[in-house]
Amino acid sequence: SQTIHQWPATLVQPVGSPLSLECTVEGTSNPNLYWYRQAAGRGLQLLFYSVGIGQISSEVPQNLSASRPQDRQFILSSKKLLLSDSGFYLCAWDGGGDTQYFGPGTRLTVL
Amino acid sequence: GNSVTQMEGPVTLSEEAFLTINCTYTATGYPSLFWYVQYPGEGLQLLLKATKADDKGSNKGFEATYRKETTSFHLEKGSVQVSDSAVYFCALSPQVSGTYKYIFGTGTRLKVLA
């Protein structure tokens, strides 16, 4: 069966520090991968999606970037965090069908 | 464009009460519709889905019917439990260029009191 992992689970970082969040999927190949952000008390915002290695589409211009160095690995990065980057970051995948499956999330607090 | 509108929360109910969470959508074509649930501190779990008009999705006592004429996908449960306390998200999936870029509602927090 397929599983999706995210780490770290929680992270507290100072403003201006770099960020790297990792997502990996097991049990499938060539998934579509997605990064979402959920700000406190708000809905989900799609940040990036990827249909294959090295293929990244950005939905919202901002302080973040994404990379897909391997088929089942999706990384969210920032060179310098802002206070507004705080939130709950969710990775998701689909196998080309219409259903997305979500990871457990990473809670990021920028101080 | 595509959009999803959910009723504002929080919704507070007593155990065994009837639940309705309203969801309406705007979309071109025939999107798939979903309800996801998020328990505190966790990711989203698929609760149910429907892929065409008049389909009824159901799971764990929850159900929702895809109503094209009213562009709605309301979530219902006949008797809620304390363990149903969570945030519920309605979403639609229009196919765009081979990927399924979901449009989510803002979520509705449900609190069930014993």
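Right above here is the structure, for reference.
Residues numbered from 1 in each chain as written. Chains lettered and ligands numbered in written order. Predicted model: local features only at pLDDT ≥ 70, side-chain atom pairs only at ≥ 80, totals over all residues. Heavy atoms only, no water.

S.K.: Looking at this structure, how should I read the packing of aromatic side chains?
M.R.: Here the distance between the centres and the angle between the planes together describe a pair of aromatic rings. A complete count under the given rule lists 16 aromatic pairs over all chains for this structure. Here Phe102(A) and Tyr36(B) contribute two aromatic rings whose centre-to-centre distance is 5.4 Å and whose plane-to-plane angle is 80 degrees, an arrangement assigned as edge-to-face. Placement of Phe102(A) in strand β10 (residues 101–102) and of Tyr36(B) in strand β5 (residues 32–38) is noted, with the two residues assigned to different chains. By relative accessible area, Tyr36(B) is classed as buried at 1%. Residues Phe89(B) and Phe104(B) carry aromatic rings whose centres are separated by 6.3 Å and whose planes lie at 90 degrees to one another, so their mutual orientation is edge-to-face. (Phe/Tyr/Trp six-rings, centres within 6.5 Å; stacked < 30°, edge-to-face > 60°. Helix = DSSP H or I, 4+ residues; strand = E, 2+ residues; numbered from the N terminus. Buried < 20%, exposed > 50% of the residue type's maximum accessible area, 1.4 Å probe, protein only.)

S.K.: Any chance you could explain the pattern of salt bridges here in plain terms?
M.R.: Charged atoms that come close allow side chains of opposite charge to pair. Tallying each qualifying case throughout the model produces seven salt bridges over all chains. Note that Asp85(A) and Arg37(A) form a salt bridge whose closest N and O atoms lie 3.6 Å from each other. Here Arg37(A) lies in strand β4 (residues 32–38) and Asp85(A) lies in the loop between β8 (73–78) and β9 (87–94), a separation of 48 residues in the sequence. Assigned by exposure class, Asp85(A) and Arg37(A) land together as buried. For Lys49(B), the salt bridge identified is with Asp98(A), shortest N-O distance 2.9 Å. Here Asp98(A) lies in the loop between β9 and β10 and Lys49(B) lies in strand β6 (residues 44–50), a pairing that spans two chains. A relative accessible area of 16% places Asp98(A) in the buried class. (Salt bridge = Lys/Arg side-chain N within 4 Å of Asp/Glu carboxyl O.)

S.K.: Would you mind showing me how to read the sheet that holds strand β7 (residues 65–70) of chain A here?
M.R.: Within a beta sheet, neighbouring strands are joined by backbone hydrogen bonds and run either parallel or antiparallel to one another. Residue and element names in this part refer to chain A. The four strands lie next to each other as β1-β3-β8-β7, forming an open sheet whose pairing is antiparallel. For this open sheet the edge positions go to β1 (3–7) and β7, each flanked by a neighbour on one side alone. Here the average twist between neighbouring strands, direction ignored, is 20 degrees. Of the strand pairs in this sheet, β7 and β8 are connected by four bridges, and their pairing is antiparallel. Bridge assignment links alanine 66 to a residue of β8, and that residue is leucine 76. (Pairing = 2+ DSSP bridges. Axes fitted to C-alpha atoms, helices over the stretch in contact; angles between N-to-C directions.)

S.K.: Hey, could you run me through the side chain of Gln100(A) in this one?
M.R.: Tracing the backbone shows Gln100(A) in the loop between β9 and β10. By relative accessible area, Gln100(A) is classed as buried at 0%. Excluding anything up to four places from it in sequence, Gln100(A) contacts Tyr34(A), Tyr36(A), Ala92(A), Trp93(A), Asp94(A), Tyr36(B), Tyr100(B) and Tyr102(B). (Contact = heavy atoms within 4.5 Å.)

S.K.: Help me understand the nonpolar core, please; the structure alone is not making it clear to me.
M.R.: Within soluble globular proteins, side chains that are nonpolar generally end up buried alongside one another. Grouped together as the largest cluster of nonpolar side chains are 25 residues, with contacts concentrated most on Leu19(B), Trp35(B), Leu47(B), Leu48(B), Phe73(B), Leu75(B) and Tyr88(B). For this core, the secondary structure elements donating two or more residues are β2 (11–14), β3 (19–21), β4 (23–26), β5, β6, β8 (62–65), β10 (86–93) and β14 (108–113) of chain B. At four residues, β10(B) tops the list of elements feeding residues into this core. When sequence neighbours within four positions are dropped, the list of residues in contact with Leu48(B) reads Leu33(B), Phe34(B), Trp35(B), Gly57(B), Ser58(B), Asn59(B), Phe62(B), Glu63(B), Ala64(B), Phe73(B) and Leu75(B). Leu21(A), Trp35(A), Tyr89(A) and Cys91(A) belong to the second-largest nonpolar core, a separate cluster that totals 19 residues. (Core = buried A, V, L, I, M, F, W, Y, C linked by side-chain atoms within 4.5 Å.)

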